[in-house]
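Report on the structure
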Amino acid sequence: MMRGFTLFERFSRAYREHPAALKLLVVFAVSGGGVVAYSESKGYDGMNVVNSSEVDIKKKKVVVLGTGWAGTSFLKNLKNPTYDVQVISPRNYFVFTPLLPSVTCGTVEARSIVEPIRNITRKKNMNIRYWEAECIKIDAQNKKVYCRSNQNTNLNGAEEFVVDYDYLVIAMGARSNTFNTPGVVENCHFLKEVEDAQKIRRSVIDCFERASLPTLSDEERKKILQFVIVGGGPTGVEFAAELHDFVNEDIVRLYPKVKELVKITLLEAGDHILNMFDKRITAFAEEKFGREGIEVKTGSMVVKVSDKEISTKERSGEISSMPYGMVVWSTGIGTRPVIMDFMKQIGQINRRALATDEWLRVEGCDNIYALGDCATINQRKVMEDISVIFSKADKDNSGTLTVKEFQEVIDDICLRYPQVELYLRNKQMGSIADLLKEAKGDENKESIELDIEEFKRALSQVDSQMKNLPATAQVAAQQGSYLAKCFNRMEECEKNPEGPLRFRGEGRHRFRPFRYKHFGQFAPLGGEQTAAQLPGDWVSIGHSSQWLWYSVYASKQVSWRTRALVISDWTRRFIFGRDSSRI
């Protein structure tokens, strides 16, 4: 026994001291076994300071603000060693946010879904430094970022510092949107960070402990055990399902006298919960919640939250109030103050997020990129460029456009304006010739010739297919990966552009524009049942989808360490149940 332990100890020490010696790691996860080549690069030098003289002057300085989905995806995929990268964030770890609802009830432990950002950066064969600080101001004109350390210790006046940049990547995410509702900040829990999930977990246990005191009446216990969730989106629905499972599978064994007093209420201002999902999923979720005793109140808009009651305005205009023991606010995202100040500085006023072009570059700023929840792509409309598109396609300057001429530039048009391809697909048109034929009449496709007015009429409805991308982890991760690949090939694409034609100008764009690819979405509904909506209008609801959810979320973890921890947490919960300790 001792000998086995000694061998394990030696192996562990050798792995820590010489990680590069182990080049191959075989790991089997819930999603299936696989062989992964794993090589370590040189370690992180924590002694670097903000002194540009210490950095190779030939290297372009890239400053990354944020360690969320977008920022971490950018760092993981950046491979060009010619950049000097500086990461600034008040959070020195990455959080797998889709599992935050699981943390609130102990299904998964908080540390299982976080990965230290230095673990990620030290594996990169390039100069990457991290500073735990908060960005308080962006000076685009002078290419400077003003930061403040969030360490509470006395730094002898050195809490604030300034960082220069050549390229700035803003990936700061967003904050919870309270819609300026009175009492929300003071009395509600949010679910955006790990700390939020831990607070909710302690608050849930506190409610049950308070309700178990012998001095309370049943009426007082009912008020304490009234849990209210505001917001019928994926986060609110998943938390309601997690809480219901926690109460019925674990809490009832420990607090048997209060089981019948627990009430979970989900408030949604719209007509249905999960309104971004297929109607079949929405209907199933509402029916399942109603059957299991989770009260779903649609058309209820919260107007005020006091320390004891939450007030809602119903569709009829009536104001009603209900007591609560805990309120979780999950109603969407709002803009961070530093982003609002920056938008005013660059003339983007009255917007909810930074406007970028299709290459994720902030409009009006050449070397600043924004991605994730803090930004939105301002897709250019076809009708704004319709005249220059016509001119580019009309190579013989005849004043008319043939199908052959248009087909020569159609690939560039679909690449530059993705709404064209969507429009053709939704109209079930095989080619652009069908669109031109519809505008001209029933003439032979090859003989169609359109003047500028007929061309405008043919494409007049194309821009109706434009949609903003959802503020999800999936979008942010793809944006981070895309931007990193652009940075990896910056010099190469300067010489040999690979993007579409510049319709307003000469030559081609350096890169292809960002295109989001939707891989589907999940909505865990409790009781080991999950709703899955995948591309191709494929909907699955039930236990099989739950195992698909386990598989996908295990495979999407950012490291083998977190993958192993999450799987072990799920296994522990199956065997021993959830832990109800107030820690």
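Please read all numbers here as calculations on a predicted model, not as lab measurements.

A few words now on the sheet that holds strand β15 (residues 301–305). Ordered in space as β15-β16-β17, the three strands form an open sheet in which the pairing is antiparallel. Two strands bound the open sheet, and with one partner strand each, they are β15 and β17 (319–323). Looking at each pair of strands side by side, their axes are set apart by 30° on average, direction ignored. As paired strands, β15 and strand β16 (residues 309–313) are joined by four bridges and run antiparallel to one another. By the bridge assignment, lysine 304 is partnered in β16 with serine 311.

Inspection of the entire model under this criterion finds 34 salt bridges. For the salt bridge of glutamate 115 with arginine 561, the shortest nitrogen-to-oxygen distance reads 3.0 Å. Of this pair, glutamate 115 sits in strand β6 (residues 114–116) while arginine 561 sits in helix α20 (residues 560–576); the two residues are 446 residues apart in sequence, bridging distant segments of the chain. The exposure class of glutamate 115 is buried, given its relative accessible area of 3%.

Pairing between the strands of a sheet comes from backbone hydrogen bonds, and it takes one of two forms, parallel or antiparallel. Reading across the sheet, the three strands line up as β25-β26-β27 and stay open at both edges, with antiparallel pairing between neighbours. What marks the edges here is a single partner per strand, and that holds for β25 (521–526) and β27 (538–542). Averaged over all neighbouring strand pairs, the angle between strand axes comes to 10°, with direction disregarded. Two strands pair when backbone bridges link them, and β25 and strand β26 (residues 529–534) are joined in this way by five bridges, in the antiparallel orientation. By the bridge assignment, glycine 526 is partnered in β26 with glutamine 529.

What follows concerns the nonpolar core. Grouped burial of nonpolar side chains is what soluble globular proteins tend to show. Among the nonpolar cores identified, the biggest contains 95 residues, and Phe74, Val85, Ile113, Phe208, Phe487 and Trp570 are the most heavily contacted of them. In contact with tryptophan 570, not counting residues within four places along its chain, are Leu99, Thr107, Val108, Trp549, Tyr550, Tyr553 and Ala554. Membership of the second largest hydrophobic core comes to 28 residues, among which are Ile389, Leu401, Cys414 and Leu435.

Here helix α8 (residues 234–254) is 21 residues long and its end C-alpha atoms lie 29 Å apart, about the 30 Å a rise of 1.5 Å per residue gives. Of all the bends in α8, the largest measures some 40° and sits at valine 247. When you tally the buried positions in α8, you get 15 out of 21 residues, the bulk of the element.

Tallied over the entire structure, the rule returns 23 aromatic pairs. Note on tryptophan 549 and tyrosine 553: the rings are 4.8 Å apart at their centroids and 40° apart in plane angle, and the pair reads as tilted. A residue pair is termed a helical-turn pair when its members lie 3 or 4 positions apart in one helix, as tryptophan 549 and tyrosine 553 do in helix α19 (residues 543–555) at four residues. An aromatic cluster of three or more residues is present, and its members are Trp69, Phe94, Phe96, Phe522, Trp547, Trp549, Tyr550, Tyr553, Trp570 and Phe574. Here arginine 563 stacks its cationic end above the ring of tryptophan 560, 4.1 Å away from the centre of that ring.

Right, let's talk about the pairing of strand β7 (residues 127–139) for a bit. The pairing of strand β4 (residues 83–89) with β7 spans six bridges and is parallel. Residue pairing in the sheet places glutamine 86 in a bridge with arginine 129 of β7. As defined by bridge partners, β7 adjoins strand β8 (residues 144–149) across six bridges and the pair is classed as antiparallel. Across the sheet, alanine 133 pairs through a bridge with serine 149, a residue of β8. With antiparallel pairing between neighbouring strands as the criterion, β7 and β8 make up a hairpin whose turn holds four residues, including lysine 143 at a positive phi of roughly 55°.

With that out of the way, let us pick up the side chain of serine 102. Tracing the backbone shows serine 102 in helix α3 (residues 100–104). Apart from the residues lying within four places of it in its own chain, the contact partners of serine 102 are Thr107, Val108, Glu238, Glu242 and Trp549.

Now for a nonpolar patch on the surface. On the surface, Trp547, Phe574, Ile575 and Phe576 cluster together into a nonpolar patch covering about 520 Å² of accessible area. Residue position: tryptophan 547 is located in helix α19. A residue is classified by how much of its surface remains accessible, and tryptophan 547, at 51% relative accessible area, is exposed.

Excluding glycine, a negative phi dihedral is what most residues carry, and trans is how most peptide bonds are arranged. Residues other than glycine seldom take positive phi values, yet leucine 274 does so here, at roughly 50°. Looking at where leucine 274 falls in the secondary structure, it is placed in the loop between β13 (263–268) and α9 (279–292). By relative accessible area, which is 0% here, leucine 274 ends up buried. Of note in the backbone geometry, aspartate 537 takes a positive phi value of approximately 60° without being a glycine. The topology assignment puts aspartate 537 in the loop between β26 and β27. Of the residues examined, aspartate 537 reaches a relative accessible area of 56% and is grouped as exposed.

Here we come to the packing of helix α6 (residues 194–211) against α8. Two numbers describe how α6 lies on α8: the axes approach to 13 Å, and their chain directions differ by 45°. One finds that α6 runs oblique with respect to α8. The element α6 and its partner α8 pack so that their crossing is right-handed. Along its contact with α6, which presents Ile200, Val204, Ile205 and Phe208, the element α8 presents Phe239, Leu243, Phe246, Val247 and Ile251. Grouping the amino acids of the contact of α6 with α8 by side-chain chemistry returns nine nonpolar, no polar and no charged.

Let us now look at the packing of α19 against α20. At a closest axis distance of 9 Å, the pairing of α19 and α20 adopts a crossing angle of 150°. The pairing of α19 with α20 is recorded here as roughly antiparallel in orientation. Of the residues in α20, those touching α19 at Trp549, Tyr550, Tyr553, Ala554 and Ser555 are Arg563, Ile567, Trp570, Arg573 and Phe574. In terms of residue class, the contact of α19 with α20 is built from seven nonpolar, one polar and two charged.

What follows concerns α9. In a regular helix each residue adds 1.5 Å, so 14 residues correspond to 20 Å; α9 covers 20 Å between its end C-alpha atoms and thus fits that length. Every buried residue belonging to α9 is among Ile281, Thr282, Ala285, Lys288 and Phe289, and all of these are buried. Projection of α9 onto a plane perpendicular to its axis shows the buried side chains occupying an angular sector of 140°, all on one side. For α9, the exposed residues lying more than 90 degrees away from the buried face are Lys279 and Gly290. Where α9 is buried, its residues touch α8, β13, β14 (294–298), β25, β26 and β27. Between the side-chain oxygen at the start of α9 and the backbone nitrogen of arginine 280 there is a gap of 2.8 Å, and the oxygen is on aspartate 278. Where α9 ends, the next residue or the one after it, glycine 293, has phi of about 95°, a positive value.

Cut-offs used in this document
Residues numbered from 1 in each chain as written. Predicted model: local features only at pLDDT ≥ 70, side-chain atom pairs only at ≥ 80, totals over all residues. Heavy atoms only, no water. Pairing = 2+ DSSP bridges. Helix = DSSP H or I, 4+ residues; strand = E, 2+ residues; numbered from the N terminus. Axes fitted to C-alpha atoms, helices over the stretch in contact; angles between N-to-C directions. Salt bridge = Lys/Arg side-chain N within 4 Å of Asp/Glu carboxyl O. Buried < 20%, exposed > 50% of the residue type's maximum accessible area, 1.4 Å probe, protein only. Core = buried A, V, L, I, M, F, W, Y, C linked by side-chain atoms within 4.5 Å. Contact = heavy atoms within 4.5 Å. Expected span 1.5 Å × (residues − 1). Bend = angle between axes of the 7 residues up to and from the residue. Phe/Tyr/Trp six-rings, centres within 6.5 Å; stacked < 30°, edge-to-face > 60°. Lys NZ or Arg CZ within 6 Å of the ring centre and 35° of its normal. Patch = residues over 30% accessible without salt bridge, like charges linked within 9 Å, V, L, I, M, F, W, Y side chains within 5 Å. Areas by Shrake-Rupley, 256 points an atom, 1.4 Å probe, with all protein chains shown as cover. Parallel < 35°, antiparallel > 145°, perpendicular 65-115°, else oblique. Left-handed = near helix turned anticlockwise from the far one by under 90°. Nonpolar A, V, L, I, M, F, W, Y, C, P; charged D, E, K, R; others polar. Arc of directions from axis to C-beta. Polar contact = N/O pair within 3.5 Å; in protein donor to acceptor, adjacent residues only side chain to side chain.

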